[in-house]
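Given next are the chains, with one letter for each unit.
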Amino acid sequence: MATLSRSDVEHVAYLARLGLTDEELTRLEGQLNHILDQYTILTELPTDDIAPTAQTIELENILRDDVVRPSLPVEAVLANAPARDGDFIVVPAILDER
Amino acid sequence: MADLTRLHAHEMAALLRSGQVSSRELTAAHLAAAERDNRALNAWLTIDRERALVEADAADGRLAAARRGGPGVLDRLRPLLGIPIALKDLVSLKGGQCTAGSRILEGYRAPYDAHITERLREAGAVILGKTNMDEFAMGSSTEHSAYGPTANPWALDRVPGGSSGGSAAAVAAYHVPLSIGTDTGGSIRQPAALCGIVGMKPTYGRVRRYGIVAFASSLDQIGPFARDARDAAALLHAIAGRDDRDSTSSPQPVPAKLAALPSSDDAAAAALRGKRLGLPREYFVAGMEPGVEARVREAVRALEAAGATVEEVSLPHTDYGLATYYIVAPAEASANLARYDGLRYGPHHAEGDVLANYLATRGRGFGPEVKRRIMLGTYALSSGYYDAYYLKAQKVRTLIKADFDALWVQGFDALVAPTSPTVAFRFGDRLADPVAMYLSDACTLPVNMAGLPGISIPCGLSEGLPVGLQLIGAPWSEAELFGLARGYEAITAEADWRSLEPTELLRAADPDAPTPAERMSALAISGSR
């Protein structure tokens, strides 16, 4: 299996939206590779003909009627927001101003 | 009256019904113990005295009304009415904090009750507060809490296990007779073993998870801690069942037997006769402490002497469990924890554009173990690696589950194994090497991979520290596992170790005792010399 380079670790941190310090990146490079080494045991097992298991209790197609049901009051939802404007949560702009 | 905190919940329930004790008295006694010891143990992140006493008074009102109604009305009262209980700090309690042991949820107040919180309120249980845990339930020692580690009441310089270490320590230290934990790879059973109490992970889907902070959604399950099998079973009975708000909860009926384990030791012991138990040889692994293996094998002999048959069996894919788990669980965690962006709740670090916001909020909000797991999971799911890691692990998961299924088909009632390969370890011993920490759960995590119920029960001491015996059952066999656990309690009722209390409880009560964080730093300094 693969080995992670420093730039791989930086790329994964970016994908995960984790801001890491240089020290953290260095430590993680060693630790992640040590953990990935443990995964190599799995390559011993032939699994081409094995179906994957995503969940164990064999429930499927849990459906309900598409009807409106009570939800949390707006005030309860907004109570935890770091910043609000009326009934809205203030977030950083994701599009450039026109 | 003798110390109320030493009673089992079913004994408290009898005294409440007869009017010999009130829920207010019970609640006050437990609050006092929790507040007294919390400096030394750090088992609790919040203790809500006022709310607990209000709930206790409400329970006393219901009890008084029932007594006026006579025996028929008293008999219909719920078993948990007026009984103190603790919630792990990832169970939503409306208006209360719910940190999941993380800085990223500091200051967040749950806007609603979890389903199990609703159920416990209906049952009349008195919630004293919320307990410490490894951050987002990732860990086996509670050292990964952002709010400092919890100490083990049996040895204050040792861990209580984890991730539900606060809930386990609170029950072992007689702060509550009952508490709630969650178990993704062993987070109920392993701390139960290390603290010398009973803890069960039910079948996946048995308890609804609405309002619980998610870690790994195909593995997480809620379960009870208690100091005996009857109490743990009664708590599971109170919280189990299907709910529309959790489509992964099962419509399987909840067995009434859970609420009616035998009270007589003779009946409980007799139920062991003819049980067919498997002893999986792969669970007696290199690295297991000799004292742990000795206690487990003694317990097996005691079960045989009581009329159970024990056969050695094989779970051939056990050695692949650790690697499989440490792909599946981090992968699911990395997806679940993507929601913590600091925009809707929790601390927010504004630094320029939206990407800089995310990087700063998540970089500062998550601790080292959570970052490690998010990194592992993100990598395992990333483009080009999915087949090699996540898909491969899901296929191996099928093989692990099939190992167990083969034994149920052969008619085994349960498997008997150690819960943890070691007794409680010292603060700091496994922090430097994540893989050493992960090995703590080698005997518990295959059970989560297969979705099965498992219970840890105390089976004696090794070097003065508790050892846990794990019983693993077929899907939906919780009542049978509790029956075996109750039988084992009955046949060992007179054992010397049963009468021992955690050895360092008196030291935990010292108002000048060092905190667990202080003990941990002291050990780190002496270890580096």
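Definitions and cut-offs
Residues numbered from 1 in each chain as written. Chains lettered and ligands numbered in written order. Predicted model: local features only at pLDDT ≥ 70, side-chain atom pairs only at ≥ 80, totals over all residues. Heavy atoms only, no water. Helix = DSSP H or I, 4+ residues; strand = E, 2+ residues; numbered from the N terminus. Polar contact = N/O pair within 3.5 Å; in protein donor to acceptor, adjacent residues only side chain to side chain. Contact = heavy atoms within 4.5 Å. Buried < 20%, exposed > 50% of the residue type's maximum accessible area, 1.4 Å probe, protein only. Pairing = 2+ DSSP bridges. Domains from an automatic or database assignment. Buried area = accessible area lost by both parts, 1.4 Å probe. Salt bridge = Lys/Arg side-chain N within 4 Å of Asp/Glu carboxyl O. Axes fitted to C-alpha atoms, helices over the stretch in contact; angles between N-to-C directions. Parallel < 35°, antiparallel > 145°, perpendicular 65-115°, else oblique. Nonpolar A, V, L, I, M, F, W, Y, C, P; charged D, E, K, R; others polar.

Asker: Any chance you could explain the side chain of B:His175 here in plain terms?
Answerer: All names here are of chain B. Note that His175 resides in the loop between α6 (165-172) and β4 (178-183). Within polar-contact distance, the side chain of His175 engages the side chain of Asp37 at 2.8 Å. Residue contacts for His175: discarding those within four places in its chain leaves His30, Ala33, Ala34, Asp37, Leu41, Trp44, Leu128 and Ala170.

Asker: Which parts of the structure should I look at to understand helix α5 (residues 115-123) of chain B?
Answerer: Residues and elements named next belong to chain B. Looking only at α5, the buried set comprises His115, Ile116, Thr117, Arg119, Leu120 and Ala123. Next to the buried residues of α5 lie β2 (84-88), β3 (126-131), β4, β6 (221-226) and α8 (229-239). Count one or two residues on from α5 and you reach Gly124, which has phi positive near 85°.

Asker: So what exactly am I meant to see when it comes to the pairing of strand β5 (residues 198-201) of chain B here?
Answerer: The two faces of the sheet receive side chains in turn, since in a regular strand these alternate between them. Residue and element names in this part refer to chain B. Side chains of β5 alternate between two faces, with Val198 and Met200 and Gly199 and Lys201 buried alike. For β5 and β6, the ladder comprises two bridges, and the chain directions are antiparallel. Residue Val198 lies in a different strand from β6, and its bridge partner there is Ala226. Summarising the sheet, β5 and strand β10 (residues 454-462) pair through three bridges and their orientation is antiparallel.

Asker: I keep staring at the domain arrangement of chain B and nothing clicks. Help me out?
Answerer: Accessible area lost upon the coming together of the parts serves often as the stated size of an interface. Residue and element names in this part refer to chain B. What the domain assignment reports for chain B is domain 1 (4-262 + 275-320 + 396-524) and domain 2 (321-393). A C-alpha centroid distance of 28 Å is found between domain 1 and domain 2. Contacts between domain 1 and domain 2 engage 33 residues on the former and 28 residues on the latter. Counting the surface lost from both domain 1 and domain 2, the interface buries some 2700 Å², and carbon and sulfur atoms represent 65% of this. When the buried area of domain 1 at its contact with domain 2 is split by residue, Ile104, Met138 and Tyr438 rank highest and sum to 28% of it. Linking domain 1 with domain 2 are zero salt bridges.

Asker: Would you mind showing me how to read the packing of helix α1 (residues 6-15) of chain A against helix α13 (residues 368-381) of chain B here?
Answerer: Packed helix pairs are characterised by how far apart their axes lie and by the angle those axes make with each other. Taken N-terminus to C-terminus, the directions of α1(A) and α13(B) make an angle of 95°; their axes are 9 Å apart at the nearest point. In terms of their interaxial angle, α1(A) and α13(B) are classed as roughly perpendicular. Residue-level contacts link A:Val9, A:Val12, A:Ala13 and A:Leu15 of α1(A) to B:Met375, B:Thr378 and B:Tyr379 of α13(B). Of the residues in the contact of α1(A) with α13(B), the class split is six nonpolar, one polar and no charged.

Asker: Please explain the interface of chain B and chain A as it appears in this structure.
Answerer: The interface is formed by 66 residues belonging to chain B together with 49 residues belonging to chain A. For the pair chain B and chain A, the summed buried area comes to about 5000 Å², and 71% of that belongs to carbon and sulfur atoms. Ionic pairing is found between B:Lys371 and A:Glu24, a salt bridge with its closest N-O pair at 2.5 Å. Remark: the boundary between chain B and chain A carries 17 residue pairs in polar contact (both at pLDDT 80 or more). Looking at the side of chain B that touches chain A, the elements with two or more residues in it are α11 (321-336), α12 (354-365), α13, α14 (387-409) and α15 (434-438) of chain B.

Asker: Looking at this structure, I do not really get unusual backbone geometry. What am I missing?
Answerer: Phi is mostly negative for residues that are not glycine, and the peptide bonds are mostly trans. All names here are of chain B. Here the bond from Gly162 into Ser163 is cis, since omega is 10°, no more than 30 degrees from zero. If you trace the backbone, Ser163 turns up in the loop between β3 and α6. Positive phi, close to 55°, is recorded for Ala100, a residue that is not glycine. Topologically, Ala100 is positioned in the loop between β2 and α5. Of the residues examined, Ala100 reaches a relative accessible area of 0% and is grouped as buried. Notably, Tyr174 is not glycine yet its phi reads approximately 65°, a positive angle. Here Tyr174 is to be found in the loop between α6 and β4. Of the residues examined, Tyr174 reaches a relative accessible area of 10% and is grouped as buried.

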